[in-house]
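One-letter residues, chain by chain:
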Amino acid sequence: MPRLMKKHVLKLLFFSGLFGGVLFPAGAQIDSTEKAEWRLFPIAYANPQSGFGLGLGGLTTFFWGQDTTLRPSLLQSTGSYTTKNQLLTYLGWDIFTGPQPYYFTGEAGYYHYSYRFHGLGNFTEYADYEIFQYHLIRFWSSYLRRLGDRPQYLGLRWNFDHWYRLQLAEGGKLARGELPGTQGATTSSLGLLYQWDTREPVYFPTGGHFLRVALLHQGPYTGASYENSRVALQFNYFQELPWGGILAGQWQSLHIGGPRVAYFDLGLIGGRRTLRGYYYGRFRGRHLQSYRLAYRQPLFNRWAAVLFGGAGRATETWQALWPARFHTAGGLGIRFRPILSSSLHIRFDLAWGDGPMQLYFGIGEAF
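Residues numbered from 1 in each chain as written. Predicted model: local features only at pLDDT ≥ 70, side-chain atom pairs only at ≥ 80, totals over all residues. Heavy atoms only, no water.

1. A look at the pairing of strand E3 (residues 73–82)
In terms of burial, E3 is a largely internal element, 8 of the 10 residues being buried. Across 10 bridges, strand E2 (residues 51–62) lies against E3 in antiparallel orientation. Residue pairing in the sheet places Thr-60 in a bridge with Leu-75 of E3. Direction of pairing for E3 relative to strand E4 (residues 87–96): antiparallel, over a ladder of 8 bridges. (Buried < 20%, exposed > 50% of the residue type's maximum accessible area, 1.4 Å probe, protein only. Helix = DSSP H or I, 4+ residues; strand = E, 2+ residues; numbered from the N terminus. Pairing = 2+ DSSP bridges.)

2. As for the nonpolar core
In terms of nonpolar packing, the biggest core is built from 17 residues, with Phe-41, Leu-59, Tyr-203 and Leu-344 touching the most fellow members. Not counting residues within four places of it along the chain, the set of residues in contact with Tyr-203 comprises Pro-72, Ser-73, Leu-74, Asp-94, Phe-96, Ser-343, Leu-344 and Glu-365. By size, the runner-up hydrophobic cluster in this structure holds 16 residues, among which are Phe-117, Trp-163, Ala-185 and Tyr-263. (Core = buried A, V, L, I, M, F, W, Y, C linked by side-chain atoms within 4.5 Å. Contact = heavy atoms within 4.5 Å.)

3. Some points on the pattern of salt bridges
Within this structure, the stated rule accounts for 14 salt bridges. For the salt bridge of Arg-273 with Glu-107, the shortest nitrogen-to-oxygen distance reads 3.8 Å. Of the two residues, Arg-273 sits in the loop between strand E12 (267–269) and strand E13 (283–285) while Glu-107 sits in strand E5 (residues 102–117), which places them 166 residues apart along the sequence. Accessibility expressed as a relative area gives 5% for Glu-107, which makes it buried. Notably, a salt bridge pairs Arg-282 with Asp-354, separated by 2.9 Å at the nearest N-O pair. (Salt bridge = Lys/Arg side-chain N within 4 Å of Asp/Glu carboxyl O.)

4. Points about the packing of aromatic side chains
Counting across every chain of the model gives 21 aromatic pairs. Here Phe-96 and Tyr-103 contribute two aromatic rings whose centre-to-centre distance is 4.3 Å and whose plane-to-plane angle is 10 degrees, an arrangement assigned as stacked. Relative accessible area serves as the criterion here: at 5%, Phe-96 is assigned to the buried category. Residue Tyr-103 is classed as buried on the basis of its relative accessible area, which comes to 7%. A centroid spacing of 5.7 Å and a plane angle of 70 degrees characterise the contact between Tyr-291 and Phe-326, whose relative ring orientation is edge-to-face. Note that Tyr-291 is positioned in strand E14 (residues 287–298) and Phe-326 in the loop between helix H3 (318–321) and strand E16 (327–336), a separation of 35 residues in sequence. Assessed through its relative accessible area of 31%, Phe-326 is described here as partly exposed. Aromatic rings pair up to connect Tyr-113, Tyr-115, Phe-117, Phe-132, Tyr-134, Trp-163, Tyr-263, Phe-264 and Tyr-280 into one cluster. Positioned above the aromatic ring of Tyr-129 is the side chain of Arg-116, whose terminal nitrogen or guanidinium carbon lies 4.3 Å from the ring centre. When the ring centre of Tyr-279 is taken as origin, the NZ or CZ atom of Arg-116, which lies over that ring, is 4.8 Å away. (Phe/Tyr/Trp six-rings, centres within 6.5 Å; stacked < 30°, edge-to-face > 60°. Lys NZ or Arg CZ within 6 Å of the ring centre and 35° of its normal.)

Quick look at the structure:
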């Protein structure tokens, strides 16, 4: 990455840690006596593609203004650098405002990283992959308004990814240029978003449900390299058990239609968003289904334990999705609550799928 750009990215990462204090200096409060504070934590990881990585993360939760009847808002920021000269930066937000019933959520980041490409469809071999490196500028944002007094929101969603300076494995499937996106591309989709959210508390639910429906389109008028449309559905359900444990379930479905879709913009099975235990993007396709279950048990003070499992499949055609077999995975994890007045947890998970054990570290629950 050019030195000047790296300098500016590192500046952005630093100042994002001060974001809460700059934008909300007077009104952002945890309660009537405690101001919002950032909690910092170290990040360390290792894998063959990136080498050894070190970084720093930060998070804060707060209420908008003096109104503690609103749901708590969240700001989070992470950044890390690897021994293979790769950089990952991220700033995310969930803002519930008052007295107007608006909800803003999104993320912004810069990534110079690498992933595995196993091919397309639901039947690729684990040992058959190639590594591609990339630079990515990412920004997505949702602007939602609550519908009356009901826990339902309707609004707009914009997703923007600019992939550039791709480095592909020589002689590999991607280097042959047969798939859209191998020269880099911009994906920029705009559309409607509906959410029905009764989760309580929002960041570690003990009850309620969450439904999201997104209808998105991208093409020349949105600044995208390719034209296609997608329907994304997600439903989460949470139930507290008599002895204090929590049962959580999730169903996801994605369907993409259109003449061309960049290979990195397809539905992905694997990773924390769909199926922990499989490498991120292990299976790729236009059509995707995934199911996940988790049992969460609060332990003592700030700690909790989690057992989880799931199944997922991804195919290139709608017709192939239904007979396709499900890939299954499972694992366990530990949760730590850094801010006593918030339900937000930092999580560490171990999961097993079709390869070696996968490690996951993140802010908030996987679903």
